[in-house]
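Commentary on secondary and tertiary structure
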Amino acid sequence: MKSDWNPESDRVIRDQVAAYDEMRERCPVAHSESRGWSVFRHADVMQILNDHPTFSNQVSRHQSVPNGMDPPEHTPFRQIIEPYFSPERVGAFEPVCREISSDLLSELSVGGSDVEVMSDLASHFAVRIQCAFLGWPSSLHEPLLRWAEQNQSATRARDRVALSTLASELDAIVDDLIQQRSQCGAKKDDDVTASLMHETVHGRRLSNEEISSILRNWTVGELGTISASIGILIHHLADNAEHQSTLRRDRCVLLAAMDEILRVHNPLHSNRRTTTCPTQLGGRDLDAGERVDINWIAANRDPSAFEDAGMVKFDRSPKNNLLYGAGIHVCPGAPLARMEMRVFMESLLDQTLGFHLQPESPASLESYPASGYATVPIHVQWK
Ligand code: HEM
């Protein structure tokens, strides 16, 4: 089939947010060789999310719990993981999260006022918070940071060999953590990883492969999206003194403000589906077995769903915001992610008098498969 666009063009790589806005108006369901069907409009994305029998999550031959599953297989696994993000669990983790945020910022303040948000702050916060949540040792911080970088490069290069090697590497790390807990007879409430080892599905314990897949999905999800989100949030506030002072004055607005800033610049690029039968989407005919890419960045900036879609308005209704998805695969980790980012931003506002972009070194944008920024150099006035 003839391509409607070239996702690898300079234009898209230079500024994917602007390029996807343009695609949403010009060709809202667009085919390309590398990504299959890319879906840019809010309404078309909602059609996909509400019709999981036609748009299946089984997009790969590798097991992916629960992301790569459809009902009825998906349902019991989803039920197992949801309680890990309950208000009680998330609330109990908040003091740990506050300590990690505060320590990280204090360490950074010693280095002076010039900070590169992505490498000095965002990625370190994501990896520390993830290890703490799962009960993993700090000796894994550096290996996981390296792993996340390499995984992103391999995805960008569509290097299947490297991706498969990286998947095995992460499996080996996770298997080792499971093994250590098995050997010492870890109890259910020792940590999140041990707790998963005691979960049952269809009357049997989860297999090591299933636990490993769950932990891998949480790790990949968290490292990429939390780190991208921190970059986007700080960039916006560094660039918008009025919004920064509003949040310094009134912390109650913070959660709504974060959801809105991240709507306008979505930290997650896309998620995949496969068609199970011939269907129509946005006036295009799709065959069975076709790859469909939900483009969260474009759908969340669709003027048909949001008035002045490109503007950050802290008092905007959260209705229609697709930051955490919708439907049966809606992000179960959203309460955890929102708490972690709120606490981090509170610590940042508490420990600084102000921060702004460095005029002499502008921020640089990320491109597929990532979103957000590659670098965000800022000047910080520490307290
Ligand atoms: C800012 C941070 C995050 C954002 C923006 C985000 C966004 C999303 C979105 C849009 C989906 C739906 C994907 C789809 O429909 O295919 C999703 C699913 C998922 N997310 Fe998140 N997420 C975040 C953080 C997290 C965290 C911290 C965790 C766990 C530790 C997590 C675990 C998951 C899982 C397991 C799924 C798949 C659920 C299912 O298939 O039923 N996410 N996330």
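A quick note: this is a predicted structure, and the numbers were derived from the prediction, not measured.

1. Some details on the pairing of strand β7 (residues 270-275)
Here strand β3 (residues 55-56) runs beside β7; their pairing, made up of two bridges, is antiparallel. By the bridge assignment, serine 56 is partnered in β7 with threonine 274. For β7 and strand β10 (residues 291-295), the ladder comprises five bridges, and the chain directions are antiparallel. Its bridge partner lying in β10, asparagine 271 is registered against isoleucine 294.

2. Concerning the coordination of the iron atom of the ligand
Octahedral six-donor coordination of a metal ideally yields angles of 90 or 180 degrees, compared with 109.5 degrees for tetrahedral four-donor coordination. Looking at the protein side alone, the iron atom of the ligand has one donor only, Cys331 (SG), at 2.3 Å. Residue placement: cysteine 331 occurs in the loop between α13 (296-299) and α14 (334-351).

3. Some details on the site of the ligand
Near the ligand lie 25 residues; those nearest to it are His74, Arg78, Arg273, His329 and Cys331. Within the side chain of arginine 78, one N or O atom sits 2.8 Å away from an oxygen atom of the ligand. When contributions to the shell around the ligand are tallied by element, the ones reaching two or more residues are α4 (74-81), α10 (208-239), β7 and α14. Take the shell around the ligand: its biggest share by element is four residues, from α10. Residues of the shell around the ligand, tallied by class, amount to 14 nonpolar, eight polar and three charged.

4. Brief notes about the pattern of salt bridges
Oppositely charged side chains can form a pair if their charged atoms are brought close together. A complete count under the given rule lists 24 salt bridges for this structure. Two residues, arginine 98 and glutamate 94, come together in a salt bridge whose shortest N-O distance is 3.0 Å. Of this pair, arginine 98 and glutamate 94 both sit in helix α5 (residues 87-109), four residues apart, which is roughly one turn of that helix. Residue arginine 98 is classed as partly exposed on the basis of its relative accessible area of 31%. A salt bridge links glutamate 94 to arginine 342, with the shortest nitrogen-to-oxygen separation between them at 2.9 Å. You can see glutamate 94 sitting in helix α5 and its partner arginine 342 sitting in helix α14, a full 248 residues away along the chain. Taken together, the salt bridges that share partners define one network made up of Asp21, Arg24, Glu25 and Arg301.

5. Section: the state of the cysteines
One pass over the structure, following the stated rule, counts zero disulfides. The thiol of cysteine 97 is unpaired, and the distance to the nearest cysteine sulfur, on cysteine 131, comes to 13 Å. Summary of cysteine pairing: cysteine 184 is not part of a disulfide, and the nearest cysteine sulfur, belonging to cysteine 131, is at 18 Å. On the accessibility criterion, cysteine 184 (59% relative accessible area) is exposed.

Quick notes on the rules
Residues numbered from 1 in each chain as written. Predicted model: local features only at pLDDT ≥ 70, side-chain atom pairs only at ≥ 80, totals over all residues. Heavy atoms only, no water. Pairing = 2+ DSSP bridges. Helix = DSSP H or I, 4+ residues; strand = E, 2+ residues; numbered from the N terminus. Donors = N, O, S within 2.8 Å, 3.2 Å for Na, K, Ca; no water. Near = heavy atom within 4 Å. Polar contact = N/O pair within 3.5 Å; in protein donor to acceptor, adjacent residues only side chain to side chain. Nonpolar A, V, L, I, M, F, W, Y, C, P; charged D, E, K, R; others polar. Salt bridge = Lys/Arg side-chain N within 4 Å of Asp/Glu carboxyl O. Buried < 20%, exposed > 50% of the residue type's maximum accessible area, 1.4 Å probe, protein only. Disulfide = S-S within 2.5 Å.

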